[in-house]
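Chain residues, written in single-letter form:
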Amino acid sequence: MGKNWYNLSWEKVVKILKTDSKKGLSEKEARMRQEKFGKNKLPEEKPLSKLRVFLEQFKSPLIYILIIASIICLFFKEFTDAIVILGVVFLNVIVGFLQENKASNILRELKKVLKTQAIVVREGRERKIFQEDLVPGDIFILKPGDKVPTDGRLIESFSLEINEAPLTGEWIAAAKTSDILPKKTSLADRDNMVYMGTVVEAGSGKAIATETALKTEIGKVAKIVRELKEEKTPYQKKLANFSKIVGIILVFICLGIFIEGMIVGREFQEMFIVAIAVAVAAIPEGLPVAMTVILALGMQRILRKKGLVRRLASVETLGSTSIIATDKTLTLTEGKMEISKTVTFSKGIEAENKKQWSEVFREKGDKDQILAMEIAVLANEAFIENPRRIWSLWKIQGRATDTALVKEGAKIGLEKPKLEEKYKKLAEIPFNPINKFIATLWEINQEKILYVSGAPEKILALSSQVQIKGEGKILDEKIREQFSEKLEDLTKKGLRVIATAYKKIRNPGKFKLNSQMVRDLTFVGFIGLKDPLRKEAKEAISLCKKAGMKPIIVTGDHLLTAKAVARELGFKVENENIILGQDLDELSDKEFEKRLENLTVYARVEPKHKLRIIKAWQKRGEVVAMTGDGINDAPALKRADVGVALGSGTEVAKEASDLILLTDNFSTIVKAVREGRVILDNIRKVITYLISDSFTEVILVGVSIIAGVPLPVTALQILWVNLIEDGLPDIALSFEPEEKGIMKRKPEPHDVPLLTREMKALILIVGFFDDLILLALFFWLLRAGHDISFIRTMIFANLSIDTFYVAFSCKSLRKNIWEINLFSNKFLVIATLLGILMLISAIYFPPLQVLLETVPLGTYDWSIVLLLGLIDLGLIEVTKWYFIVKKEV
């Protein structure tokens, strides 16, 4: 229907929807409308089956290359090679499947499926129906605790307050009215509307259903989420590009060797088999497994830090994050009210340094301050379910402000149950949006005293006196102005302010409490409350900035609240740094692009604004992480490079996310980014290690073919080196601990490939030196007339020993081997020892000698192997220093 229902009177809405505000629809009409409009429910996506999760693991270019290689091996009846390569493929797939399936199971446990019911008026009678059976034009009733079943225009509101955080991000309940609102009213301020999925906190109301299913505000969000394409993560793009390069080089080398062989007169089949041998040498068979293990270990470490990563490929992307767009409530703040400051005429008490307000109050509180708090506790609609327990274990029900005041009062000795036993309650005027106060009449020490708390402007206007040091004085214009200035100061700090006042009843016999009697009050003071920052938030934001990331606040909260939190966290909060959602609508893309760099706080934003912010930063090549908990956040979470949902958030947000913060804490994001950087480091170490070895083997085989001499190593020996000798250390490098200063580096630009220029240089030069040494040894032994089995065993041993040296060299690509702790990774030490044991077995164990065509080596032979390995290591470290370490310094 798409009308601005909030801009129409409820009577006109009733007329348009052809219903009756008192009797509702008839059952027949309701059935007809359901046939026309369908069920009032959102379409649900089926979760991925275990089979689908398993098959998804094959979607990797590196896996494709290995599968093609195994098929070619099978074609030429090289069954051993084929089995080994396929074994690597399935090991990789199983590791990835187990990790992602575990994340899916944890998420499934977090879900709670509830079928919501609604109270509707049909044919003049109230009845309960399932939410999905509501139709446009239905009249429905709202009571405390109800989940709003669909979007509606309010007909009646009796102190109705609804928490709209899942939709707008505003965590403080909105006071509802049935009045007409202007056309330009933003979604978060449409107080005459109720929205599907939000929750009634207090009061009651009656509304007419205006939209259902996908046409509701939440439905529109769900539609956006469904239409958004799943973007590849930066890691997936880098991996695809890297695999493409490997594939092209592989084809080029194999084709070149095949053509070269044909030119020099070798047989077709022989050269084809040799080309396959080179392909086996070139393919780093252990790389997919190692990369999957690195990502899986990262997922486990992040889970221990209370972050659940839903997709394996998202883990590395965290390390590349350059922009963190975070909501305020729960992520940066605790999502609960606390007193920050109390102000009376003579004194102001506020939380200072690391002390809470209650601690400072106990030291500095005077009679006026105590009276202000006593009024706030007793002129209060919150109730305690278990008043006999100690106050720290109380279960308090009511509005966020009321429950906070009761709890804060208890901290300073003003426990509501004890006060209610001490004094006698005579009457009460409940809070409502028109009066904007609550008044309670008490008998205290044989006097009747009216306690009043509420909106500060209202209470101040109703007061004629002011409490000064225990006595009531005339509230003149000068004092009134002073209080007005103090109020402005408190609101500028983003505090939610209530005022307290009292009135002694002079003639109690004739007094009957009503709202007209609440006047000529004695004003006591203001109480400022706020949602406190999480203890770790400021430090986490500071660490983000040091790590070169840019945190920005994107919230549905009011501007002053967002501004106050930003200031407390150390953000710049000048006018150029802040923008409202409605002002963002007025900016063209070019104007927004110009302001983007300076904007750090976005307030009163809607889903469309969040998407626009993310797209603008992504257009600049930034990697964006976006936090959210509401249904309104889902499109932005899906669009972001890393969508971060709160564990306490909606299921829709969790489903759209890549990372779930199980404790809702911003610091978990920073910890996850740290792990992401460790992961990226370790992936690069493993790539450098394995590709340098593969490059060495390719050149070794290629040169021997061109020279027309026997192959220096057999295909099975190459596989043994790649899977056994390389395989153990490359998995061990996955456990490499983080390097110092990892969070002092700037995030990598979006377009930096997995295989950096420095890595390419290192791989080429390592391969060159390796091949220079191995080919010199090969031709020397060949000319000396040694048996080919002995020569191949020597080359095989050299290749294996070199892998151990290179593995320790790859522990850091930023420092030389003498600058690092060689034994910091116990897994690498164990892997090296096992690798040496496997090498000895390959050379001296008879069954393996037959399989690998090796012969025993003597002490002199081993001394040559070890010496050449040390020379090679020295050359590698000089290369590393020249191309990488020198630049880092």
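These remarks concern the structure in this document. Please read all numbers here as calculations on a predicted model, not as lab measurements.

Conventions adopted
- Residues numbered from 1 in each chain as written.
- Predicted model: local features only at pLDDT ≥ 70, side-chain atom pairs only at ≥ 80, totals over all residues.
- Heavy atoms only, no water.
- Helix = DSSP H or I, 4+ residues; strand = E, 2+ residues; numbered from the N terminus.
- Expected span 1.5 Å × (residues − 1).
- Buried < 20%, exposed > 50% of the residue type's maximum accessible area, 1.4 Å probe, protein only.
- Polar contact = N/O pair within 3.5 Å; in protein donor to acceptor, adjacent residues only side chain to side chain.
- Contact = heavy atoms within 4.5 Å.
- Patch = residues over 30% accessible without salt bridge, like charges linked within 9 Å, V, L, I, M, F, W, Y side chains within 5 Å.
- Areas by Shrake-Rupley, 256 points an atom, 1.4 Å probe, with all protein chains shown as cover.
- Salt bridge = Lys/Arg side-chain N within 4 Å of Asp/Glu carboxyl O.
- Pairing = 2+ DSSP bridges.
- Axes fitted to C-alpha atoms, helices over the stretch in contact; angles between N-to-C directions.
- Parallel < 35°, antiparallel > 145°, perpendicular 65-115°, else oblique.
- Left-handed = near helix turned anticlockwise from the far one by under 90°.
- Nonpolar A, V, L, I, M, F, W, Y, C, P; charged D, E, K, R; others polar.
- Core = buried A, V, L, I, M, F, W, Y, C linked by side-chain atoms within 4.5 Å.

## Quick word on helix α25 (residues 666-707)
Given a rise of 1.5 Å per residue, 42 residues ought to cover 62 Å, and the 61 Å separating the end C-alpha atoms of α25 matches this to within 8%. Of all the 42 residues making up α25, 35 are buried; the element is thus mostly covered by neighbouring parts of the structure. Between a side-chain oxygen at the N-terminus of α25 and the backbone nitrogen of Ser667 the separation is 3.1 Å; the capping residue is Asn665. Of the residues one or two after α25, Gly708 is the one with positive phi, at around 75°.

## So, helix α19 (residues 559-568)
Looking only at α19, the buried set comprises Ala562, Ala564, Val565 and Ala566. Looking at the buried side of α19, the elements it contacts are β21 (550-554) and β23 (601-603). The positive-phi residue at the C-terminal boundary of α19 is Gly570, with phi of around 95°.

## With respect to a nonpolar patch on the surface
Judged by side-chain polarity, Val251, Leu255, Ile259 and Ile263 come together as a nonpolar surface patch covering roughly 410 Å² of accessible area. Secondary-structure assignment places Val251 in helix α8 (residues 234-263).

## Some points on the environment of Leu25
Structurally, Leu25 can be placed in the loop between α1 (10-16) and α2 (27-37). According to the relative accessible area criterion, Leu25 is buried, its value standing at 3%. Residues Leu25 and Arg757 lie 732 residues apart in sequence; the distance between their C-alpha atoms is 71 Å. Setting aside anything within four residues of it in sequence, one finds Leu25 in contact with Lys18, Thr19, Arg33, Val121, Arg122, Glu123, Val135, Pro136, Gly137 and Asp138.

## Re the sheet that holds β21
Paired through backbone hydrogen bonds, the strands of a sheet run either parallel or antiparallel to each other. Across the sheet, eight strands lie side by side as β8-β26-β25-β24-β9-β21-β23-β22; this open sheet has mixed pairing. On the outer flanks of this sheet lie β8 (307-309) and β22 (578-580), each paired with one strand and no other. With strand direction ignored, the average angle separating the axes of adjacent strands in the sheet is 20°. Bridge analysis of β22 against β23 gives three bridges, and the strand direction is parallel. What sits directly across from Leu580, in β23, is Ala603.

## As for the pattern of salt bridges
The full count for this structure, using the stated rule, is 41 salt bridges. Of the charged contacts, one joins Asp531 and Lys328 as a salt bridge, the two residues approaching to 3.8 Å between their closest N and O atoms. Residue Asp531 is located in the loop between β20 (521-530) and α18 (537-546), and its partner Lys328 is located in the loop between β9 (323-326) and β10 (338-344); the two are separated by 203 residues in the primary sequence. Like Asp531, the residue Lys328 is buried in the burial classification.

## Here's the deal with the packing of α25 against helix α28 (residues 757-783)
The interhelical angle for the contact between α25 and α28, taken along N-to-C directions, is 40°, at an axis separation of 8 Å. Considered as vectors, α25 and α28 are oriented oblique to each other. Here α25 runs over α28; the crossing is right-handed. Residue-level inspection shows Arg684, Ile687, Thr688, Ile691, Ser692, Phe695, Thr696, Ile699, Leu700, Val703 and Ala707 of α25 in contact with α28, the latter providing Met759, Leu762, Ile763, Leu764, Val766, Gly767, Phe768, Asp770, Asp771, Leu774, Leu775 and Phe779. Among the residues making up the contact of α25 with α28, the classes are represented as 16 nonpolar, four polar and three charged.

## Focus: the pairing of β9
Across the two faces of β9 the burial is the same, with Ile323 and Ala325 and Ile324 and Thr326 all buried. By the bridge criterion, four bridges tie β9 to β21 in an arrangement that is parallel. Counterpart to Ala325 in the pairing with β21 is Ile552. Bridge analysis of β9 against strand β24 (residues 624-628) gives three bridges, and the strand direction is parallel. Counterpart to Ile323 in the pairing with β24 is Val624.

## A few points about unusual backbone geometry
The backbone of Asn445 sits at a positive phi, close to 50°, despite the residue not being glycine. Tracing the sequence through the fold places Asn445 in the loop between β15 (437-444) and β16 (447-454). Of note in this structure, Glu853 is not a glycine but carries a positive phi near 60°. Examined against the element boundaries, Glu853 turns out to sit in the loop between α31 (846-852) and α32 (859-888).

## Structural notes on the side chain of Lys685
On the secondary structure map, Lys685 appears in helix α25. Not counting residues within four places of it along the chain, the set of residues in contact with Lys685 comprises Leu733, Glu736, Glu739, Cys810, Lys811, Ser812 and Leu813.

## Digging into the nonpolar core
Leu569, Phe666, Ile687, Ile795 and Phe796 are the most contacted members of the largest nonpolar core, which totals 114 residues. Looking at which element gives the most residues to this core, the answer is α25, with 17 residues. Of all hydrophobic cores here, the second largest spans 47 residues; its members include Ile141, Leu181, Tyr195 and Ile552.

## Notes on the packing of helix α10 (residues 287-304) against α25
A pair of packed helices is characterised by two quantities: the angle between their axes and the separation of those axes. Viewed as axis vectors pointing N to C, α10 and α25 meet at an angle of 165°, and their least axial separation amounts to 10 Å. Regarding the angle of α10 to α25, the classification is roughly antiparallel. Between α10 and α25 lies a crossing whose hand is right-handed. Where α10 approaches α25, its residues Leu287, Ala290, Met291, Ile294, Leu295, Gly298, Arg301 and Ile302 are matched on the opposing element by Ala672, Glu675, Val678, Ile679, Asn682, Ile683, Val686, Ile687 and Leu690. Its residues assigned to classes, the contact of α10 with α25 shows 13 nonpolar, two polar and two charged.

## Let's talk about the environment of Met517
Among the structural elements, Met517 can be located in the loop between β19 (496-504) and β20. The spatial distance from the C-alpha of Met517 to the C-alpha of Lys503 is 9.9 Å, given a sequence separation of 14 residues.

## Here we look at the pairing of strand β4 (residues 151-163)
Among the 13 residues that make up β4, ten are buried, leaving the element largely enclosed by the rest of the structure. Where β4 lies against strand β7 (residues 199-211), ten bridges are found, and the strand directions are antiparallel. By the bridge assignment for β7, Phe158 is matched with Ser204. Two strands pair when backbone bridges link them, and β4 and strand β6 (residues 193-194) are joined in this way by two bridges, in the antiparallel orientation. Among the inter-strand pairings, Gly152 is bridged to a residue of β6, identified as Val194. Bridge analysis of β4 against strand β5 (residues 174-175) gives two bridges, and the strand direction is antiparallel. Of the residues in β5, the one forming a bridge with Glu161 is Ala175.

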